[in-house]
Structures are given as structure tokens and as C-alpha cells.
Amino acid sequence: MRRHGLQRFILISLLLHGLVLALWRTSGGDARQSAAPLSVAFIQDEMDVAKSSNPDHTTPTSPPEVLAVQSPAADIAQADAPVDEVPANPPVQHEINPAQHTATVSAETVITPADDSLLPFEQISQGDNSASIRQLRLDVYLALRHYFSYPPLARKRGWEGEVVVSIRINHDGYLQDIHLIRGSGYALLDRSALEALSRVDRIPNQLSQTIDMELPILYQLQEG
Amino acid sequence: MSYPNQSLLAICLLAVPSLALTETLGSPPLVVSATRTAQAADETLAPVIIITRDDIERSQAGDVANLLRLHAGLDIGRNGGPGQPVSLFIRGTESNHTLVMIDGVKINPGTIGGAALHNITPEMIERIEIVKGPRSALYGSEAIGGVINIITRPGEAARQWQVTAGGGSFGTRQAGAAMNLHNESLRAGVALHHLSTDGFSPITAAKIDRGHDNTTMKAYLGRQWGGVDVEASHWQASGRTEYLTFDYVTLGYNPADEDFTNSVSAVKVSASPATRWTSTLHLSNARDDLDQNQVPDFSHTSRNTLDWQNDLQLTDRQLVTAGITLTREDTEALVYGSGFDQTTDVNAAYLQDDITLDRHHVLAAVRHTDHENFGGHDSWDLEYGYALDDATRLTAAVGTGFRAPDSTDRFGYGGNTLLRPERSRNIEVGMKRALGEQQNAYLNVFHNTITDLIDYFDPDGWLGSLPGQNENIAKARIRGVEVGHHWRSGPYTGRVEVIAQQPRNETTGEPLPRRAEHSLTAALAYQGVRCGAGIDVVAQDERKDTAYSTAINAGYGIVNLNASYALGKAWRLSGKVENLFDKSYALADGYNTAERSFFVELRYSGSL
């Protein structure tokens, strides 16, 4: 009787798993592929790359041409949707919206003069700039550190990678827009990073301005 | 972009992943780091030893047994030199109480004894994970003393090829070549290695050298189709081992030899049906064949296994693993004119829940095994970890293990098909502490009770008329304490491991044979840009030789030296001296061990 029970269990389990796999295959799911981009910001700026090796660059420059490009889905709320329910688009799929232009000062810090309340970086007094930006970056990292964890499944499977997200910190420190810029290749890591950011309450913002940041998050396993 | 080295031992000790702030040029990433989990167990809760590729290349060990013995608590019994039978006793348990896997596939023979560790060449190994303590709740039979998972090369290697050649004492010569081709969706590789040695006389009373030939190959082909990853692989070690057999007519030793084949063929299909769910279907065949060349005796095992494992991350703090395993094991043997040819079906279902809540970490696992002969058997494991502070973790665990009777127990001499599995219950507590950023230390105390051990029982003695048979009559108890200290300072690494244990036969009160009550291992290594050097020390006190004799194998200490030098970017020359002080000692009474010996190897690595 016990053997029959086990065989029944195995048969039912196989059928259920087969059904789920078949449905999942027809829905075009892709495990390695990142979840559909929640939002993609495409910074089209060669100078930016050059500057990225010099974060303390303080010489005012003419604002380089930067296109902030939004994909159709651009809301952190969608990060909570199951991956199966969103279209499995390739991670980088841009829909250019030329109406949005921003000025950048460094690769990781973008001040977006989208409206009058957002000050371009150049308007901040030169003496305070680099120190303030560094302090802000430090504040952001210190504030975020408690929200991240390594997904246990990724840890077990040995998944590592870098997730790049963009965040907007408004003048009183609240996180507003959280977009995935570049996935790690593992939907679980991407989702984990976005969910961690969605839980962030408030970040000290001593600049009292709205700030856009690109934030790389590196998931890395180490030998015990 | 370069990231700072995040070698924070405090992080390694804690199950709770840590976040490191980095300040580098360019976009500084937030680094979310965690300890890499051994495939066979979570290292934050279970005592795990990891032997990395660097360790293997540094030690230049000739076989897996010589790698394992460099860690206290892994006792080796050995009937001679290269290729001669090896017994491994983890934490004082029996030699058939360790489950050995190659790439997750069990290689223990179904006929008799433990896995053929003496046939596994380290050249093909990327990493060895050793979990001490019972793991039958996930892996089933034989996981009483521990589990060893040997992960074969290549690991994450991309487009590269490698050629090695070397030789040394005992007429040893070896050569190998490997090539790997990886791109985003396809990976393929092949590796071949041959070892040939004239060896030395395994028996102290004889003067006839006995050699060993071993050809090992690995081939694999893997591809991703969308989210489905499929990999087919084959590993095989085959060759000939010469040995000596006692002649009862001349009362001398005669040369004999046997051919061996150990292999693992597998197809693995992995997929993620959902973001938080991975499903792996693992179809494998493992073979362990031994054929005598002077007599018709043989011993063959072929095991087909279908394992379907699902990992489901329910929340960021909870991981559930569930699976089923279907096994058909064919065993066939002929020993001194009598033998068996049997097929045994073993099916099992298992479930594990791994939960982390702030400072608490709980792991619970249960498995039901349905064996063709003895019916159902349940095994379970419960582990708890508590992070006392950022550097200290306390652990407690209780778990069960079992060993299903093998074919010789059931159908060989004294065979009894009504045998139950041997059972164990292990209780242990431990502490692991980071001592600054570059050091850590651990302490484990364990108590393992093993019951229903199978032994031959003859009601009226050997000369009586009543037949004897195998019965579940023996009991053992092993108590022990193990302490270790690992450190790193720049290019230097070091470790010291000590175990004090009392492996006892509970029926007779006698110590269990070939297991030392006190062992110490130590290693010191330097790895510079061009050159590296290391020293390994193994010391054990005396050991009783067998349960049937009063012979004692004396305590011993041996020292091995190794060094390597990079000759340019592609060439590396390495060498070793084993048993530097030419210590004469025995791992089994009447059998020789290697005297002082020298080996050199030249390796060329190139890119494709």
C-alpha cells in the first residue's frame, strides 16, 4: 500500500509539474532572462562615460545631451507583479521620449531640471558640490544597507550579478521613481533589488533638491 | 570597473547577508554579499569543509584520499600505495557511513564497502565539499558520518585549454589535457588525464612493487534554451591496479591485478518556472565495476537515478526544497565461487524548509525512503543557528542518518533479506566566531549514537552446526570535540584543526578500529604573484587495527612540502615532497605507506 501511495504521489506530482512547465513555456517565460524592464533609462552620452572615471570632476561643463528614456512600464508598483504576468521583453528595449532631457554632472548622479523645483547641479555653489554629493551618496548607501538581503534561492544556486537601477530622491528624502536600468541576468536578483528599494522609507537629503541617481547593486558570493 | 576585495570574515560567518559600502572611481556599487552555500548543506548551520581548486593545486595530492586526510576528523585507512583500497572514517563512523557524490550523483557501490576514493584523481576536481554529520534527511542512505560532494572541472572556466605533465618517485608519470569552450548559451569541454605508477609493495612482508594505471576523462555539453538549461556530462576513471594476494599453499604473496571502472553519466535539466522557483531534473547512471584478472571474481554496481528537486523561495527569508528520487540499483558479484545478481528499487520523497528570521536561522528536513526490501524508513534533521553578535554564531542540531543494507549484507555470505537499515542519531552544538576580519575559529561538540549495525552472528560459534547470518545487532557511540582556527594575512593563509573523539563499540566497549582518538592537521601557505609554497602537517595518535586483533597502529606525524613557480604568464612549474622526514608508519597493520617521495609537474594554460 505504501508503495502504491508513493507511486500515486509521484504520478500526480509529475503531472502537475508537467502542466505548470507546459503553461509556463507557452507563456514565454524565461528564467535566465531578466524580468520585463520596469523602466529603462538610457543615458546617451559619451562624455558621461569619460567622466565616470572622475567622479570628483567639478568643472562646470555645458550640459551634455542626455536622453532620459522611459519604457512603457515605469512604476515600482509593477515590481510586485509576478514575473509571469508581465511581458518577457528583453532587458534593454527603449522607447525614446525626446521630450525629457536632463543634465548630468557625473555618471552616478543626475540632476534633473524637469521643472523649476529641480535645480541643475551647476547652480549649487562650487565649494559645496563634491563634498555634498559624496555626503549624499554616503547617506543613501547607509540608509539603504539595511533593506537589502541576498535572496536565499540565488545563494543556493550560486547566482551573482550586478543590477543597475535608477532612483529619484525628492527634496525631502522620499524615493519616488525606481527603475531597472540593467538586469543581472537573473530575474530573482533584479526583483530583489527593486523590492528592497520599494521598502525604503526616507533618505537624508541635505541638498534639499530632487536628485536622480544611478545605483549599481552588486550581488556577490564569497567563500566561507 | 574594479571592486574592492570584500573578504570580510564577519560576513562569512553570518547567515544574514551584509552590505558593504564601496568608494571607488566610477559608479560605486552597493555590494550585497553572502557566503557561498555548499551544494550539500548550508555552511552557516552545518560543519562544512571546502577544498578549493587552489587548495588542490597547492597540495598536489595524488588522489582524493590524500586530500581528505589533511583535515582532522577525516581518518584514512589504506592498504598500501596508489590505487590500493582506501577506507574513510568521518568523525569516527564506519567506512561505509559516508555518502560520496560526483557532481551530485552518488558513487558508493551497492555491493560492499565505501566509495572508491583511491580511483579519483584530483586533476579533474574543481572543488570538494565535505559536510560532517548526518545528511540522510536529504540524501538518504550512507549519509551517517557525512557527505562528500566532488565537483569536477571545469567550473566557471571560459575559453581556455591546459596541458600538464609530471612525474616523480615510485616511477610515477602523469599527463593531462583539458579544453573548455563557453559562450553565452553554449558550453562544452573535454578533459583527459593519465596516471601511471610502479608503486611500492603494499605488504610489509613482501618486496614486490605493485603499480596503478588510471585514465580519467570528463566531457560535457551544456546549452540554454530560453530559461531551460540542459547539460549532459560523463566522468569516468578506469584502469588497472596491481596488488598482492596471500597464497595459503606457499604461505607467500603472489602478484595479482584487477581492472576498475568508476563512472558517472548524467543529464541535468534546470529551469525556473517562476522567479522564485527553480526546478531541476537530474537523470544519472553511476557505475562501480571491479574485475579480477587472475580469478573469475568480480563486483559490479550500476545505479540509475532520477532526481527531481524543486527550490521555492517563499519569502526573502524562507527557502523550501522538495523533491523525489527514484533509484534502480543493479548489483552483481562473484566472490570465491558464490555471488548474487540483484536489482533493488529505492524511491524517496524529501522536503526541507530553511528559514532565517533576524538572528535566528532554522532548517528542518524530512525524507521518506521506500526500499524494496525493508520497506519504509523516515529520516529527519533539525538545525538551529543564532547570531549572538556580528561575529559569533551559535548552532545546535539533531539529525538522523541511516545506511540501507548493501547487496553483500542481504545476499552475500551470511546474507539476510530481513535486515533493517543501520540507524544513527547525532546531536551537536557549535560556535563559530570571526576574530577580526582575517581570522575565524570554530568549536563543535557532537554525540552520535549508531544502532542496528549489521554484523555476522553465529549462534553456536564458527565450528557449530547452526548457520550464522548477518543481523542488526551491533551498536556504536561516538563522542567528540573538534576545534579549528583559520586565518589569512596578505599572501599567507593558515589553518589548524584538532579533533578529540571516542568512537566506541557499545556492545564490547572497545574502540572502533582505525579511528584515532586525537588528530591534528595544520597547513601554512604562501601565494605570491609568481611563486607559492606550503606546508601540510598531519598527526594522529595510536589506533586499534581491527576488531578481531590486538594489533595497534602507532601514532605518527608527517609533513608535506609543496612549491610552485610561474614561468611567465602561461607556464607553471610545481613540485612537492611527501613525508619529508621519511616517517615509517602504518594506516593498516601489515601494509606499507609511502616513504619520502618527490614529484614535479609542469602546467601550460592558454586561451582560445
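The model shown is predicted, which means the values in this text are computed figures rather than measured ones. (Residues numbered from 1 in each chain as written. Chains lettered and ligands numbered in written order. Predicted model: local features only at pLDDT ≥ 70, side-chain atom pairs only at ≥ 80, totals over all residues. Heavy atoms only, no water.)

Undergrad: Give me the overall build of chain A: which residues, what numbers.
TA: Within chain A, the regular secondary structure consists of 5 helices and 5 strands. Reading the secondary structure of chain A in the N-to-C direction produces α-α-β-β-α-α-β-β-α-β. Here chain A holds 224 residues, and 50% of them are scored as buried. Considering only residue pairs separated by 6 or more positions, chain A has 77% of its internal contacts joining residues 24 or more positions apart. (Helix = DSSP H or I, 4+ residues; strand = E, 2+ residues; numbered from the N terminus. Buried < 20%, exposed > 50% of the residue type's maximum accessible area, 1.4 Å probe, protein only. Contact = heavy atoms within 4.5 Å.)

Undergrad: Give a detailed account of the overall build of chain B, specifying residues and quantitative values.
TA: Scanning chain B from terminus to terminus reveals 5 helices and 33 strands. Since a compact globule built from 608 residues should have a radius of gyration of about 25 Å, the 24 Å found for chain B is in line with a globular shape. C-alpha atoms of chain B, sized along the principal axes, occupy 85 × 55 × 45 Å. Counting all 608 residues of chain B, 55% fall into the buried class. Here the analysis covers contacts within chain B between residues at least 6 apart in sequence; of these, 58% occur between residues at least 24 apart. Roughly 24,900 Å² of accessible area belongs to chain B as shown, and the carbon and sulfur atoms make up 58% of that amount. Counting 52 positive and 72 negative side-chain charges, chain B places the averaged centre of each group 5 Å from the other. (Rg over C-alpha atoms; globule rule 2.2 N^0.38 Å. Areas by Shrake-Rupley, 256 points an atom, 1.4 Å probe, with all protein chains shown as cover. Lys, Arg positive; Asp, Glu negative; His and termini not counted. Charge placed at Lys NZ, Arg CZ, Asp CG, Glu CD.)

Undergrad: Go over the packing of aromatic side chains, please, and point to the residues and values.
TA: Residues and elements named next belong to chain B. For the structure shown, the criterion picks out 11 aromatic pairs over all chains. Aromatic side chains Phe340 and Phe411 sit 6.4 Å apart centroid to centroid with 50 degrees between the ring planes, which places their arrangement in the tilted category. Taken together, the residues Phe340 in strand β19 (residues 338–357) and Phe411 in helix α5 (residues 407–411) connect sequence positions 71 residues apart. In this structure Phe340 comes out as buried when scored by relative accessible area, which is 10%. Assessed through its relative accessible area of 23%, Phe411 is described here as partly exposed. Aromatic ring contacts, followed pair by pair, group Trp161, Trp571 and Tyr604 into a single cluster. Over the ring of Phe446 we find Arg91, and its NZ or CZ is 4.3 Å from the ring centre. Here the guanidinium or amino end of Lys576 rests over the ring plane of Phe599, the centre of that ring lying 4.6 Å away. (Phe/Tyr/Trp six-rings, centres within 6.5 Å; stacked < 30°, edge-to-face > 60°. Lys NZ or Arg CZ within 6 Å of the ring centre and 35° of its normal.)

Undergrad: Residue-level account of the pairing of strand β15 (residues 252–274) of chain B, with values.
TA: Residue and element names in this part refer to chain B. As paired elements, strand β14 (residues 228–247) and β15 share 19 bridges and run antiparallel to each other. Paired with Thr241 across the strands is Glu258, a residue of β15. Pairing of β15 with strand β16 (residues 277–292) involves 15 bridges; the strand directions are antiparallel. Along β16, the bridge assignment pairs Ser263 with Arg287. Two successive antiparallel strands, β15 and β16, enclose a turn made up of 2 residues. (Pairing = 2+ DSSP bridges.)

Undergrad: Talk me through the pairing of strand β4 (residues 175–182) of chain A; I want residue IDs and the actual numbers.
TA: Residues and elements named next belong to chain A. In this sheet, β4 lies alongside strand β3 (residues 161–169) in antiparallel orientation, the contact comprising 5 bridges. When the sheet's bridge partners are listed, Ser166 is paired in β4 with His179. Hairpin connection, β3 to β4: the antiparallel pair is bridged by 5 residues, and Gly173 has positive phi, about 95 degrees.

Undergrad: Can you tell me about empty space enclosed by the protein, naming the residues and giving the values?
TA: Inspection of the entire model under this criterion finds 9 cavities of 30 Å³ or more. Its volume calculated, the largest cavity comes out at about 380 Å³. As for the largest cavity, its lining consists of 30 residues, and the residues nearest its centre are Arg155(A), Asp42(B), Leu319(B), Asp354(B) and His361(B). Elements that contribute at least two residues to the lining of the largest cavity include exactly α4 (152–157) of chain A together with α4 (136–139), β18 (318–335), β19, β20 (360–371) and β21 (375–387) of chain B. Classifying every residue of the lining of the largest cavity by side-chain character gives 15 nonpolar, 6 polar and 9 charged. Its boundaries defined by the atoms lining it, the second largest cavity holds a volume of some 180 Å³. (1 Å grid on protein atoms, 1.4 Å probe; cavity = no way out; pocket = protein on both sides within 12 Å on 5 of 7 lines; lining within 4 Å. Points joined across faces, edges and corners; volume = space filled by probe spheres on them. Nonpolar A, V, L, I, M, F, W, Y, C, P; charged D, E, K, R; others polar.)

Undergrad: How would you explain unusual backbone geometry if you had to name every residue and give the values?
TA: Apart from glycine, the bulk of residues carry a negative phi angle, and the bulk of peptide bonds sit in the trans form. Residue and element names in this part refer to chain B. With a phi angle near 80 degrees, Glu142 is a residue other than glycine that sits in the positive phi range. Here Glu142 shows up in the loop between α4 and β9 (146–152). Look at Phe170: it is not a glycine, yet its phi comes out positive at around 60 degrees. Accessibility expressed as a relative area gives 17% for Phe170, which makes it buried.

Undergrad: Lay out the side chain of Arg53(B) in plain terms, naming residues and giving numbers.
TA: One can find Arg53(B) in helix α2 (residues 53–59). Residues in contact with Arg53(B), not counting those within four places in the same chain, are Pro122(B), Glu123(B), Ile125(B), Glu126(B), Arg153(B) and Arg603(B).

Undergrad: With reference to specific residues and values, describe the pattern of salt bridges.
TA: Counting across every chain of the model gives 42 salt bridges over all chains. One salt bridge connects Arg168(A) with Asp177(A), and the closest N-O pair in it is separated by 3.8 Å. The residue Asp345(B) makes a salt bridge to Arg328(B) at a minimum N-O spacing of 2.8 Å. Of the two residues, Asp345(B) sits in strand β19 while Arg328(B) sits in strand β18, which places them 17 residues apart along the sequence. Overall, Asp345(B) belongs to the buried group, its relative accessible area being 14%. Classification of Arg328(B) by relative accessible area gives partly exposed; the value is 44%. Here the salt bridges do not stand alone but share partners, grouping Arg53(B), Glu57(B), Glu123(B), Glu601(B) and Arg603(B) into one network. (Salt bridge = Lys/Arg side-chain N within 4 Å of Asp/Glu carboxyl O.)

Undergrad: Which residues make up the confidence of the model for chain B, and what are the values?
TA: Residue and element names in this part refer to chain B. In the predicted model, chain B carries a mean pLDDT of 91, and the fraction of residues at 70 or more is 95%. When the criterion is pLDDT under 50, residues 1–26 qualifies, and its contacts beyond four places in sequence or with other chains add up to 84 contacts. In the model output, the complex is listed with pTM 0.81 alongside ipTM 0.82. (pLDDT = per-residue confidence, 0-100.)

Undergrad: Which residues make up a nonpolar patch on the surface, and what are the values?
TA: Residue and element names in this part refer to chain B. The grouping of Leu388, Leu394, Val429, Met431, Leu443, Val445, Val481, Val483, Val496, Val498 and Leu520 at the surface amounts to a nonpolar patch, some 760 Å² of accessible area in total. Looking at the nonpolar patch, the elements with two or more residues in it are β23 (422–434), β24 (439–457), β25 (469–489) and β26 (492–505). Along the chain, Leu520 turns up in strand β27 (residues 518–527). Leu520 gets classed as partly exposed once you look at its relative accessible area, which sits at 33%. (Patch = residues over 30% accessible without salt bridge, like charges linked within 9 Å, V, L, I, M, F, W, Y side chains within 5 Å.)

Undergrad: Go over helix α5 (residues 187–198) of chain A with me, naming the residues and quoting the values.
TA: All names here are of chain A. Taking 1.5 Å as the rise per residue, α5 with 12 residues should run 16 Å; its terminal C-alpha atoms sit 16 Å apart, in good agreement. Most of α5 is tucked away, with 11 of its 12 residues classed as buried. Inspection of α5 places Ala187, Leu188, Leu189, Asp190, Arg191, Ser192, Ala193, Leu194, Glu195, Ala196 and Leu197 among the buried residues, and these make up the whole buried set. (Expected span 1.5 Å × (residues − 1).)

Undergrad: Outline the environment of Leu189(A), supporting the account with residue identities and numerical values.
TA: Residues and elements named next belong to chain A. Here Leu189 shows up in helix α5. On the basis of relative accessible area, Leu189 is assigned to the buried category, the value being 0%. Taking the C-alpha atoms as reference points, Leu189 and Trp159, 30 residues apart in sequence, are found 8.2 Å from one another. What Leu189 contacts, discounting residues up to four positions off in sequence, is Tyr150, Pro151, Ala154, Trp159, Glu160, Gly161, Val163, Ser184 and Tyr219.

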